[in-house]
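# Breakdown of the fold
So you can see what is in the structure, the chains are spelled out below.
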Amino acid sequence: MGIEYRRFDLSKISELQHVQRLIDEDLSEPYSVYVYRYFLNQWPELCYLAISPTEPQPIGCIVCKAEEHRGARLRGYIGMLAVTKEYRKRGIAKRLVGIAIEQMRKMGCDEIMLEAEVENQAALRLYEGMGFIRVKRMFRYYLNQGDAFKLILPVTEKSCIRSTFLLQPETEVL
Ligand SMILES: CC(C)(COP(=O)(O)OP(=O)(O)OC[C@H]1O[C@@H](n2cnc3c(N)ncnc32)[C@H](O)[C@@H]1OP(=O)(O)O)[C@@H](O)C(=O)NCCC(=O)NCCS
């Protein structure tokens, strides 16, 4: 259907507005602009937009980050994902997640993490279908009192080893 997937452009203010519009549409309480800036200013290479040739504005987006976790491994994180209602169930989210995973792998991420609401069947099926594993249930995690599942996609062997055992022993002082 000719959907184009491209990287977020930090130099254009309109790009941030597109991401904000797409994500805010599905939130009961909108994020502050600082939340968007936190992700987009620091990891613009981990944000992608889906563009339809027949729509004036992007129809989907994914926002991620990658950081060292407990000094032992590099953890990618999917912070936000949304596809406009009229364009859902066409594989657009799956492509966006696939592109983001590929980019985080290239950056050397050992694992990729996210949280999804327990009631969000669409998101859970999407992520579990792509290999993410439920590792924890977090009670009343969201403002609406809903519980969340924490999901992880292991990328390297490090992801399956407790961080305590990955830490380098301190150099012995003689
Ligand atoms: C979740 C969301 C991003 C899915 O977008 P999408 O483009 O419709 O998803 P895709 O078409 O790529 O679907 C991929 C897989 O997800 C699952 N899925 C998607 N929508 C689903 C639904 N309504 N019910 C059950 N499973 C669903 C299916 O397993 C599907 O694979 P299949 O088509 O081979 O069965 C979209 O519904 C959305 O924007 N929701 C609101 C925001 C949100 O919940 N974001 C995720 C926060 S964690």
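Heads up: the structure comes first, above all this text.
Below is a short write-up of the structure. Since the structure is predicted, the reported quantities are computational estimates derived from the model, not experimental observations. (Residues numbered from 1 in each chain as written. Predicted model: local features only at pLDDT ≥ 70, side-chain atom pairs only at ≥ 80, totals over all residues. Heavy atoms only, no water.)

The secondary structure content of the protein amounts to 5 helices and 7 strands. Secondary structure elements of the protein occur, N-terminal to C-terminal, as β-α-α-β-β-β-α-β-α-β-β-α. In terms of overall dimensions, the protein is globule-like: its C-alpha atoms have a radius of gyration of 17 Å, near the 16 Å expected for 174 residues. In terms of its C-alpha atoms, the protein occupies a principal-axis envelope of roughly 70 × 35 × 30 Å. Across the 174 residues that make up the protein, the buried fraction comes to 44%. Within the protein, counting contacts between residues at least 6 apart in sequence, those at least 24 apart form 61% of the total. Looking at the protein as shown, the accessible area adds up to about 10,400 Å², and 50% of this sits on carbon and sulfur atoms. Here the protein holds 25 positive side-chain charges and 23 negative ones, and the gap between their average locations is 4 Å. (Helix = DSSP H or I, 4+ residues; strand = E, 2+ residues; numbered from the N terminus. Rg over C-alpha atoms; globule rule 2.2 N^0.38 Å. Buried < 20%, exposed > 50% of the residue type's maximum accessible area, 1.4 Å probe, protein only. Contact = heavy atoms within 4.5 Å. Areas by Shrake-Rupley, 256 points an atom, 1.4 Å probe, with all protein chains shown as cover. Lys, Arg positive; Asp, Glu negative; His and termini not counted. Charge placed at Lys NZ, Arg CZ, Asp CG, Glu CD.)

Right, let's talk about the pattern of salt bridges for a bit. Throughout the structure, instances matching the rule amount to 9 salt bridges. Residues Glu15 and Arg6 are paired through a salt bridge, measuring 2.9 Å at the closest nitrogen-oxygen approach. For Glu15, a relative accessible area of 3% gives the class buried. Owing to a relative accessible area of 28%, Arg6 belongs among the partly exposed residues under this scheme. Asp147 is paired through a salt bridge with Arg137; the nearest N and O atoms lie 3.0 Å apart. Placement of Asp147 in the loop between strand E6 (133–138) and strand E7 (148–154) and of Arg137 in strand E6 is noted, with a sequence separation of 10 residues between them. Exposure remark for Asp147: the relative accessible area of 15% places this residue in the buried category. Residues joined by salt bridges that share partners form a network here, namely Asp26, Lys85 and Arg88. (Salt bridge = Lys/Arg side-chain N within 4 Å of Asp/Glu carboxyl O.)

Next up on the list: the site of the ligand. The immediate surroundings of the ligand are formed by 17 residues, with Leu81, Lys89, Gly91, Lys94 and Asn120 found nearest. With respect to the ligand, the side chain of Arg88 contributes an N or O atom lying 3.3 Å from an oxygen atom. Here an oxygen atom of the ligand and a backbone polar atom of Lys94 are 2.9 Å apart. Burial of the ligand by the protein amounts to 72% of the accessible area it has alone, namely 920 Å². Here the element with the most residues in the shell around the ligand is helix H4 (residues 121–129); it accounts for 4 residues. (Near = heavy atom within 4 Å. Polar contact = N/O pair within 3.5 Å; in protein donor to acceptor, adjacent residues only side chain to side chain.)

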